[in-house]
Amino acid sequence: MNVALAFDLGLAALLVAIAGWTIAARANIGAIVLFMVDGLLLAIVWVRLSAVDVALTEAAIGGGVTSMLLLGAATRLKDTESNPEPAKLTLLLTAGALCALVSAGLAAVVFFLPDPAPTLAPVAMANLAETGLGNPVAGVLFAYRALDTLLEKVVLLLALVGVWSLARDEAWGGVPGLRVYARPNTILVFLAQLLPPIGIMVGIYMFWAGASQPGGAFQGGTVLAAMWLLVLLARLQQVPAISLPWVRLLLVIGPVLFVAIGFLGFLVADAFLAYPPGYAKPLIVIAEATLTLSIGVTLGLLVAGPPETRLQQ
Amino acid sequence: MRLALDIFTLVAVSAGGLLFMAGTAGLLRFPDTLTRLHALTKVDNLGLGLIVVGLLPQVDGPLAALKVVTVWLLGQFSGAIVSQLIARAARRAEHQQ
Amino acid sequence: MTSATLFGYCGAAMVGLGLFGLITNPHVLRKILAFNVLGAGVFLMFGVIARRGAAAGLGGDPVPQALVITGIVVAFSATALAVALLVRLHSETGQTTVSSEDPPSSSGQGVRS
């Protein structure tokens, strides 16, 4: 047992303990804070598993935007904390036994994984030079499995439409009900004036460097969304109404351009989302740039929630 | 020279780790929110700073060193702002009781 | 035992914990939280498979890693939709459980038009 394995053991034990505490905590906000800590620890675990792109995504989305979303919901529901009765003991025991069985089955799967492990890494690396990218994960996301990425973006948009559809009829097309920090507070305004320029630079850098180093459109887009949400929370900008043209344009420009590049593949390279040789990298970078912008706006609006006040005409 | 730099890294990172432990002890043992925030911001500033300074001999190139120092500055900045916000919220909750 | 299989067991434990929280916690927000813990465990197991596929000079197989990135984003969008549904449920009926008991016979506090 060397030092690295001892560190991994401590990290894994901490991860499971905090996950268990998240489930068993009594207060909602305490459970969400524990979930946030779990997300950041999970980012470290991803680095230990040599998956730095996934670590960036987990820290940004899992430990960042999800926790913000849940905290907003928890503060809205604060008056219902003590309402639900705890579950009965028989339910707890049977559920516990069945979940322990599921965990044991999955642990057995991990134990009996085939050795040597099957892998697609040589195939991925062999064709990476043609795409002009240096980051194999970006190659998988935008060249080998580009259809998955396109559909993922469409799923984000569908979730946004689903969230919007939960508005009341009279508030349709109005302003999302993001609870901004209503008190005039110089500290939060100071943060929202100083951090977004740095954050926007970091977000664009993460997208740009994602072609050859760990990074990418999703990670950069999430940082951009976080900066936008910070500015909205500090009331330096009004939360935009969802029927405004520029909001809708920014939302769809990413997927529309991606689909257009896909159909271009029909014309010049005889398959959907196939890239013509030599033009792969510029096309991928253009698609990623607009995708980053769209992802930033989509994630920000997903956190902002359904419209609640009618747009003032 | 390499050995001296490695020893410096070990000493600085261990000192930073000790400060983190002290901050955690403060978080667990101090009586109320304001004193706990004080313990945590000490950790943010000096503990993270020692770790960053200790890691500087290990990075390759001045650009990577600049990135690591920027991480420290951003950590200090956000820690200070968030401590202020939490302290104001705690003071307000105290007054309402 | 390598560190990859260690994290595999960790992921399996998180799946079990998340499933337990999903079944037993009556408050819907806690169910959403448990669902996210369950998802994190599943992604961790994917990551173990990716780590074991290290070859061709890489630290891990990039295909499962890309799948996990896609999964994290989709899980977030599902969480956002679930939270919006919960907030709407609360504003319509004033309750935050999905228990099968009858809702209160009065119109419920907090129902706004």
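These numbers were taken from a predicted model, which means no experiment stands behind them.

Colleague: In this structure, what is going on with the overall build of chain C? I would like to understand it.
Modeller: Within chain C, the secondary structure is distributed over 3 helices and 0 strands. Mapped in sequence order, the helices and strands of chain C form the string α-α-α. Counting across all 113 residues of chain C, residues that qualify as buried make up 60%.

Colleague: Honestly, the interface of chain C and chain A in this entry has me stumped. Any pointers?
Modeller: Reports of interface size often rely on the accessible area that becomes lost once the parts have come together. Tallying the contact residues gives 70 residues for chain C and 79 residues for chain A. For the side of chain C that touches chain A, the secondary structure elements donating two or more residues are helix H1 (3-24), helix H2 (28-52) and helix H3 (62-93) of chain C. It is H3 of chain C that contributes the most residues to the side of chain C that touches chain A, 23 residues altogether. Grouping the constituent residues of the side of chain C that touches chain A by class yields 44 nonpolar, 21 polar and 5 charged.

Colleague: Would you mind showing me how to read the arrangement of the chains here?
Modeller: Summarising the chain contacts, 2 pairs of chains touch, and the pair with the most contacts is chains A and C. Between chain B and chain C there is no contact, and the shortest C-alpha to C-alpha distance separating them is 20 Å.

Colleague: Could you clarify how one ought to interpret unusual backbone geometry in this entry?
Modeller: Comment: phi is negative for the bulk of residues other than glycine, and the bulk of peptide bonds are trans. Residues and elements named next belong to chain A. A positive phi angle, near 60 degrees, is found at Ser50, a position not held by glycine. By secondary structure assignment, the location of Ser50 is in the loop between helix H2 (28-48) and helix H3 (52-76). Judged by local crowding, Ser50 falls into the partly exposed class, with 18 C-beta atoms found within 10 Å.

Colleague: Would you mind showing me how to read the nonpolar core here?
Modeller: Generally speaking, soluble globular proteins have nonpolar side chains that are buried together. Membership of the largest hydrophobic core comes to 127 residues, with the highest contact counts inside it found for Met14 and Val83 of chain C. Top element by residues in this core is H2 of chain C. It accounts for 15 residues. What Val83 of chain C contacts, discounting residues up to four positions off in sequence, is Leu69, Leu70 and Ala73 of chain A together with Ile32 of chain C.

Colleague: Can you help me understand H3 of chain A in this one?
Modeller: Counting along an α-helix, one turn takes 3.6 residues, and residues three or four places apart therefore face a common direction. Residues and elements named next belong to chain A. Look at H3: 35 Å from first C-alpha to last across 25 residues, which is about the 36 Å you get at 1.5 Å a residue. At Glu58, H3 shows its maximal kink, close to 30 degrees. Burial runs high along H3: 18 of the 25 residues are buried.

Colleague: Quick question: what am I supposed to make of helix H8 (residues 146-164) of chain A here?
Modeller: Here H8 of chain A contains 19 residues, and its C-alpha end-to-end distance of 27 Å stays within 8% of the 27 Å for a straight helix at 1.5 Å per residue. Looking only at H8 of chain A, the buried set comprises Ala146, Thr149, Leu150, Glu152, Lys153, Leu156, Ala159, Leu160, Val163 and Trp164 of chain A. Of the surrounding elements, those touching the buried residues of H8 of chain A are helix H7 (136-144), helix H11 (245-269), helix H12 (280-304) and strand S2 (307-309) of chain A together with H3 of chain C.

Colleague: It is not clear to me how the packing of H1 of chain C against H2 of chain C should be interpreted in this structure. Could you clarify?
Modeller: Residue and element names in this part refer to chain C. Contact geometry for H1 and H2: axes closest at 7 Å, N-to-C directions at 160 degrees. By the angle between their axes, H1 is roughly antiparallel relative to H2. Relative to H2, H1 is oriented so that their crossing is left-handed. Classifying every residue of the contact of H1 with H2 gives 18 nonpolar, 6 polar and 4 charged.

Colleague: Is there a simple way to explain the confidence of the model for chain C in this structure?
Modeller: Do not read the predicted coordinates in detail wherever pLDDT is low. Across chain C, the average pLDDT comes to 86, with 88% of residues at or above 70. Scoring the predicted complex yields pTM 0.90 and, for the interface, ipTM 0.92.

Colleague: I keep staring at the environment of Gly11 of chain C and nothing clicks. Help me out?
Modeller: All names here are of chain C. Along the chain, Gly11 turns up in helix H1. The spacing of Gly11 and Ile69 is 58 residues in sequence and 16 Å in space, taken between C-alpha atoms. Aside from chain neighbours lying at most four places away, what touches Gly11 is Gly41, Leu44, Met45 and Val48.

Reading the values: rules and limits
- Residues numbered from 1 in each chain as written.
- Chains lettered and ligands numbered in written order.
- Predicted model: local features only at pLDDT ≥ 70, side-chain atom pairs only at ≥ 80, totals over all residues.
- Helix = DSSP H or I, 4+ residues; strand = E, 2+ residues; numbered from the N terminus.
- Buried ≥ 20, exposed ≤ 12 C-beta atoms within 10 Å, placed from the backbone.
- Contact = placed C-beta atoms within 7 Å.
- Nonpolar A, V, L, I, M, F, W, Y, C, P; charged D, E, K, R; others polar.
- Core = buried A, V, L, I, M, F, W, Y, C linked by C-beta atoms within 7 Å.
- Expected span 1.5 Å × (residues − 1).
- Bend = angle between axes of the 7 residues up to and from the residue.
- Axes fitted to C-alpha atoms, helices over the stretch in contact; angles between N-to-C directions.
- Parallel < 35°, antiparallel > 145°, perpendicular 65-115°, else oblique.
- Left-handed = near helix turned anticlockwise from the far one by under 90°.
- pLDDT = per-residue confidence, 0-100.

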